[in-house]
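Below, each chain spelled out in residue letters.
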Amino acid sequence: MSTTPDRTCWIVIPAYNEGSMIRTVVQSVLQTFPHVVVVDDGSTDDTAQQAAAAGATVLQHLINLGQGAALQTGLRYALQHGADYLVTFDADGQHRCEDVEKMLAVLCEQQLDVVLGSRFLGEAPGMSWSRWLLLRLAVVFTRLTTGLSLTDVHNGLRVFSRDAARRLRLRQNRMAHGSEILEQIARYQMKYAEVGNTIEYTDYSRLKGQKTSNAIRILIDLFIGKLTR
Ligand SMILES: Nc1nc2c(ncn2[C@@H]2O[C@H](COP(=O)(O)OP(=O)(O)OP(=O)(O)O)[C@@H](O)[C@H]2O)c(=O)[nH]1
Ligand SMILES: [Mg+2]
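As the structure is a prediction and not an experimental result, all values here were calculated from the model.

*Asks:* Whenever I open this one, the packing of aromatic side chains confuses me. Can you help?
*Replies:* The description of an aromatic ring pair rests on the distance of the ring centres and on the angle between the ring planes. Within the structure shown, the criterion is met by one aromatic pair. With a centroid separation of 5.6 Å and 80 degrees between ring planes, the pair formed by W10 and Y77 is classed as edge-to-face. Of the two residues, W10 sits in strand 1 (residues 9–15) while Y77 sits in helix 3 (residues 67–80), which places them 67 residues apart along the sequence. Its relative accessible area of 6% is what places W10 among the buried residues. A relative accessible area of 17% places Y77 in the buried class.

*Asks:* How do you make sense of the coordination of the magnesium ion (ligand 2) when you look at a structure like this?
*Replies:* For a metal with four donors in a tetrahedral arrangement, the ideal angle between donors is 109.5 degrees, while six donors in an octahedron ideally sit at 90 or 180 degrees. Taken together, D92 (OD) and Q94 (OE1) make up the protein donors of the magnesium ion (ligand 2), found 2.0 to 2.1 Å from the metal. D92 sits in the buried class, given a relative accessible area of 10%. Taking the relative accessible area as the measure of exposure, Q94 reaches 10% and is therefore buried.

*Asks:* Would you mind going over helix 2 (residues 47–54) with me for this structure?
*Replies:* Every α-helical turn comprises 3.6 residues, leaving residues that sit three or four positions apart pointing alike. Along helix 2, the positions that sit buried rather than exposed are T47, A48, Q50, A51 and A54. Axial view of helix 2: buried residues confined to an arc of 165 degrees, hence all on one face. Packing partners of the buried residues in helix 2 comprise strand 1, helix 1 (22–30), strand 2 (35–41) and strand 3 (57–61).

*Asks:* Explanation requested: the site of ligand 1 in the structure shown.
*Replies:* Around ligand 1 sit 17 residues, and of these E18, D41, A91, Q94 and Q210 come closest. P14 places a main-chain nitrogen or oxygen 2.9 Å from an oxygen atom of ligand 1. When isolated, ligand 1 has an accessible area of 610 Å², and the protein chains bury 88% of it. Classifying every residue of the shell around ligand 1 gives six nonpolar, six polar and five charged.

Conventions and cut-offs
- Residues numbered from 1 in each chain as written.
- Chains lettered and ligands numbered in written order.
- Predicted model: local features only at pLDDT ≥ 70, side-chain atom pairs only at ≥ 80, totals over all residues.
- Heavy atoms only, no water.
- Phe/Tyr/Trp six-rings, centres within 6.5 Å; stacked < 30°, edge-to-face > 60°.
- Helix = DSSP H or I, 4+ residues; strand = E, 2+ residues; numbered from the N terminus.
- Buried < 20%, exposed > 50% of the residue type's maximum accessible area, 1.4 Å probe, protein only.
- Donors = N, O, S within 2.8 Å, 3.2 Å for Na, K, Ca; no water.
- Arc of directions from axis to C-beta.
- Contact = heavy atoms within 4.5 Å.
- Near = heavy atom within 4 Å.
- Polar contact = N/O pair within 3.5 Å; in protein donor to acceptor, adjacent residues only side chain to side chain.
- Areas by Shrake-Rupley, 256 points an atom, 1.4 Å probe, with all protein chains shown as cover.
- Nonpolar A, V, L, I, M, F, W, Y, C, P; charged D, E, K, R; others polar.

In structure tokens:
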């Protein structure tokens, strides 16, 4: 599926040391969406080779720059290659393709700029209580800083229209890009909706994923970003 025959959807997958998972993820996405770009973010394992073997277009950062930088690279590539819709999708097996289809349908039917995934409107099997608490605090923080009333503010599954993706200017290379995207949705008054999705926490994703202490780093990055804007 690429939404309608004459419209193209690109799936952008940032990946850092996901060599043991990326092949399965790309293969499952390709069953539905033929345009997949994996941005290998300076991995020290065989992420790039595995993604290419699975059939994805692969771009590589020579050094690790962070998820935000990897997304910028992938989004720019997809725009240059004529994407009408752009989806950000994680490489660690936590996201599901059927959720992308639901989100794309909402974006098209309601003529929105952005559809954001929400694990709190969907489900998050295996999520720890500390992650739950942190994400709830992040919701309050986002409400205060952007005025957006959302249920999940650091969900990596998002669908953008071409125009919305072209307006985004991401300067946060690491994980603070999630907040930066929301700030820009608010600033440009983009039309958005949240749709429930499943984010599955597995032993693999927990081992590889974000530490609770990274929240401090996100706040510092956002603060520095404000000072240097
Ligand atoms: N951690 C990390 N992930 C990166 C980086 N560059 C790209 N990624 C990819 O970004 C995606 C999300 O990273 P995660 O660390 O799992 O972040 P998350 O899913 O928001 O957090 P969890 O809920 O803890 O899994 C994965 O597909 C990673 O491979 C990087 O520099 N660091
Ligand atoms: Mg993850």
